[in-house]
Amino acid sequence: MRFYTFVLKNLIRRRVRTALTMLGIAVAVGAVVALVGVSSGFERSFLELYEKRQVDIIVSRKGLMDRLTSGLDENFGKKIAGLPGVKAVATGLLDFVSLEKLGIFGVMVQGWPDDCFMFDELGIVDGRRLRKGDDRGILLGKVLATNLNKKPGDKLVLFDEEFTVVGVYQTFNVYENGSMITLLAPLQKLMGREKQITGCTVVLEQHDRPTIDQMCLKIDALDPAGKTKAMPYEEYVRSTSQIKAAQAMAWMTSVLALIIGTVGMLNTMVMSVFERTREIGILRAIGWRRSRVVRMILLEAILLSMTGGLVGTLAAIGLTRFLSSRPSVAGMIGGQIDPRVILQGFGIALLVGLIGAAYPAYRAARLMPTEAIRHE
Amino acid sequence: MSDSGSNTVLLRTENLCKVYPDGAVNALVEVSLTIHQGEYVAIMGPSGSGKSTLLNLLGALDAPTSGEVYFLGEPLSAVCSLDRLRSQKVGFVFQSFYLLPVLTAAENVQVPMFETSLSASARVKKAIELLGIVGLQHRARHLPGQLSVGERQRAAVARALANDPILLLADEPTGNLDSLSAEGIFDLFAKLHRERGMTIVLVTHDPEFGHRAKRLVQMRDGHVISDGVLPPH
């Protein structure tokens, strides 16, 4: 018999308690993996939006907490394009709409000028791209088109105006596939933001950090009123309030789940040590060192927490995949969880196990054999 | 030198006193005793006479309030790892067996061996051998709940022998056994003493079994009231 077999048998002898504790850990770790996974996926997808198009700089209104309310003059893009070292500039208006009647919420809608280079990056899978004069035309991402059951030629009401689907596109990005695109001018009009854009994405000829930082300063200098802020795309994404809020909520919920998981583990291990006081006394009497008793308790906790972590992680992956396939959230949640988040989940499970078992192990190690054997 | 043991003093107690934390009971009062290697000693006395307390102190399970226990000449108060001493030199047999219910007889015997460098396969082999010595090889894969009380105590004796101790301490080893099973356990102790030269110190209530030892220590109210060699049984 190996030592871990012995530890395993200790756990198996109290099946219900072991299963319930494992479930508690699974829920805690599952919550962490799912929530942090979704929020980090949210950030990753946003980064990917710019990264894969080699976008270097995002320009928006300075000092705004919510970037969606950012308003710049639509001609500001032309000024940026005139700077030496700038390869391309895309201007756009961005907002989120909900198609409540269809049960789809938080759909990203973008308005681009008809000559925007970003149109060239869209893979049109059905219909055609938007052209000049398509004022009531709209492009749908593939996921959104599927969820709305729309195809080119179909009508879609947006801001109480009827649009005609002219094409369906597919890109590498989950949010874009769940979003829609119109021409800039009609969207400005519908949103009451004529001549305004939310921001500009800038592609430089050179992508090294010093060049990017210098260009940010040059772009800021283009606005004598100092109301414009240019920043590297990573910085822009990470400072986006929606992403920050999602991450904060994910971690807050996770911390609560972890506290509950830790208390559950602590309760189980304390009870387990208390119930086995005499048994631990016997083990000490037959020569077990204190350190072996501690190892036994910690190993039991680690086995419990890692199994719980595995179950929780698998459940979180399954849940995320399931949610990503639901029309109401498809296009907001990617089905994949970053392996780093999964590792983080296991790390947290291990930590919960060790913290929850530390006191019981200490208590068990301090037991005097004779006192423990006398324990009723 | 003891009549039944060797010249080597295995255990010596010097003015051993034990007062339990509540301070109400003087469990042991100035007990001085010498036990040679290879002796077979029975400690008898009424309940509360201090015999189990003495056994616990001899086995380094507890510390005296005053006085000293010497194990092979070394004071236990100076031993840095009593756990190791218990693991390597002492085997314990308890009245209630205290076998772990989820482990088979063979697995129970292996539990003390975790403190040795034996491999897993060597532990299994040794456990089976020890169960053979106590006549329980055929029950090696049975759980304690599937064994008779006598068999459980035999398994507990095999566990006590797991790390080849030089001292076997038994606290009322037949207290929970029927007379037939008790007879078997005492025969086993006699065999271990005879064939292995093992030093055995046991506590018993039963005068019949007490007199099967080679030396009888009688206690009352924490004092040793008599200590003498018994005639051959």
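In this text, all values refer to a predicted model and were calculated from it rather than measured experimentally. (Residues numbered from 1 in each chain as written. Chains lettered and ligands numbered in written order. Predicted model: local features only at pLDDT ≥ 70, side-chain atom pairs only at ≥ 80, totals over all residues.)

(A) Region of interest: the overall build of chain B. Across its full length, chain B carries seven helices and 10 strands. A globule of 233 residues ought to have a C-alpha radius of gyration of about 17 Å, and chain B, at 17 Å, matches this closely. Overall size of chain B, expressed as C-alpha extent along the three principal axes, is 45 × 40 × 40 Å. By residue count, 51% of the 233 residues in chain B fall in the buried class. Within chain B, residue pairs in contact and separated by at least 24 positions form 69% of the contacts whose partners lie at least 6 positions apart. (Helix = DSSP H or I, 4+ residues; strand = E, 2+ residues; numbered from the N terminus. Rg over C-alpha atoms; globule rule 2.2 N^0.38 Å. Buried ≥ 20, exposed ≤ 12 C-beta atoms within 10 Å, placed from the backbone. Contact = placed C-beta atoms within 7 Å.)

(B) Representation of the domain arrangement of chain A in the model. The assigned domain composition of chain A is domain 1 (3-46 + 243-374) and domain 2 (57-206). For domain 1 of chain A versus domain 2 of chain A, the distance between C-alpha centres works out to 45 Å. (Domains from an automatic or database assignment.)

(C) Representation of the sheet that holds strand 1 (residues 9-19) of chain B within the structure. All names here are of chain B. The strand order across the open sheet built from four strands is 2-1-4-5, with neighbouring strands paired in antiparallel fashion. Strands with a single pairing partner mark the edges of an open sheet, and in this sheet they are strand 2 (26-36) and strand 5 (74-75). Bridge count between strand 4 (residues 66-71) and strand 5: two bridges; the pairing is antiparallel. For tyrosine 70, the partnering residue across the bridge sits in strand 5 and is proline 75. (Pairing = 2+ DSSP bridges.)

(D) Seen up close, the sheet that holds strand 7 (residues 167-171) of chain B. Residue and element names in this part refer to chain B. Strand order in the open sheet made by the six strands is 6-7-8-3-9-10, with mixed pairing throughout. What marks the edges here is a single partner per strand, and that holds for strand 6 (90-93) and strand 10 (223-229). Strand after strand, the sheet turns through a mean of 15° between neighbouring axes, direction not considered. Here strand 9 (residues 215-220) pairs with strand 10 via six bridges, running antiparallel. For arginine 215, the partnering residue across the bridge sits in strand 10 and is valine 229. Sitting on the sheet, helix 1 (residues 51-58) is in contact with strand 3 (40-44), strand 7, strand 8 (199-204) and strand 9, with an inclination near 155° to strand 8. Packed on one face of the sheet, helix 5 (residues 149-160) meets strand 6 and strand 7 and runs near 165° to strand 6. (Axes fitted to C-alpha atoms, helices over the stretch in contact; angles between N-to-C directions.)

(E) Focus on the nonpolar core. Core analysis: the biggest nonpolar cluster contains 159 residues, and Val32 and Ile57 of chain A together with Ile43 and Leu131 of chain B have the highest contact counts within it. Among the elements that take part in this core, helix 2 (residues 15-51) of chain A stands out by supplying 15 residues, more than any other. Both domains that meet at this core, namely domain 1 (3-46 + 243-374) and domain 2 (57-206) of chain A, each give it at least three residues. For isoleucine 43 of chain B, the residues in contact, after removing those within four places along its chain, are Lys51, Leu54, Leu55, Val201, Val203, Val217 and Met219 of chain B. (Core = buried A, V, L, I, M, F, W, Y, C linked by C-beta atoms within 7 Å.)

(F) Layout of the interface of chain B and chain A. With 21 residues of chain B in contact, the opposing surface of chain A contributes 17 residues. Elements represented by at least two residues in the side of chain B that touches chain A include exactly helix 2 (82-89), helix 3 (105-110) and helix 4 (120-133) of chain B. At three residues, the largest contribution of residues to the side of chain B that touches chain A is made by helix 2 of chain B. When its residues are assigned to classes, the side of chain B that touches chain A shows 10 nonpolar, four polar and seven charged. (Nonpolar A, V, L, I, M, F, W, Y, C, P; charged D, E, K, R; others polar.)

(G) Representation of the confidence of the model for chain A in the model. Of all residues in chain A, 96% have pLDDT values of 70 or greater, and the mean over the chain is 86. Ranking the elements of chain A by mean pLDDT puts helix 13 (residues 369-374) of chain A last with 80 and strand 9 (residues 180-183) of chain A first with 95. (pLDDT = per-residue confidence, 0-100.)

(H) Layout of helix 5 of chain B. Residues and elements named next belong to chain B. The end-to-end C-alpha distance of helix 5 is 16 Å, a good match for the 16 Å that 12 residues give at a rise of 1.5 Å each. Burial of helix 5 is extensive: 11 of the 12 residues sit out of reach of the surface. Residues of helix 5 that are buried include every one of Gly150, Glu151, Arg152, Gln153, Arg154, Ala155, Ala156, Val157, Ala158, Arg159 and Ala160, and no others. Residues of helix 5 that are buried in the fold lie against strand 6, helix 3, helix 4, strand 7 and helix 6 (179-196). (Expected span 1.5 Å × (residues − 1).)

(I) Just unusual backbone geometry, in detail. Residues and elements named next belong to chain A. Of note in this structure, asparagine 149 is not a glycine but carries a positive phi near 60°. When you line up the elements, asparagine 149 lands in the loop between helix 4 (142-148) and strand 7 (155-158). For lysine 195, which is not glycine, the phi dihedral falls at a positive 65°. Looking at the element boundaries, lysine 195 is found in the loop between helix 6 (184-190) and strand 10 (196-197). Classification of lysine 195 as exposed rests on a count of 11 C-beta atoms within 10 Å.

(J) Structural view of the packing of helix 11 (residues 290-324) of chain A against helix 12 (residues 339-366) of chain A. Residues and elements named next belong to chain A. Relative orientation of the contacting elements helix 11 and helix 12 amounts to 150°, with a least axis distance of 8 Å. By the angle between their axes, helix 11 is roughly antiparallel relative to helix 12. Once helix 11 is placed against helix 12, the crossing between them reads as right-handed. Split by residue class, the contact of helix 11 with helix 12 holds 19 nonpolar, eight polar and one charged. (Parallel < 35°, antiparallel > 145°, perpendicular 65-115°, else oblique. Left-handed = near helix turned anticlockwise from the far one by under 90°.)

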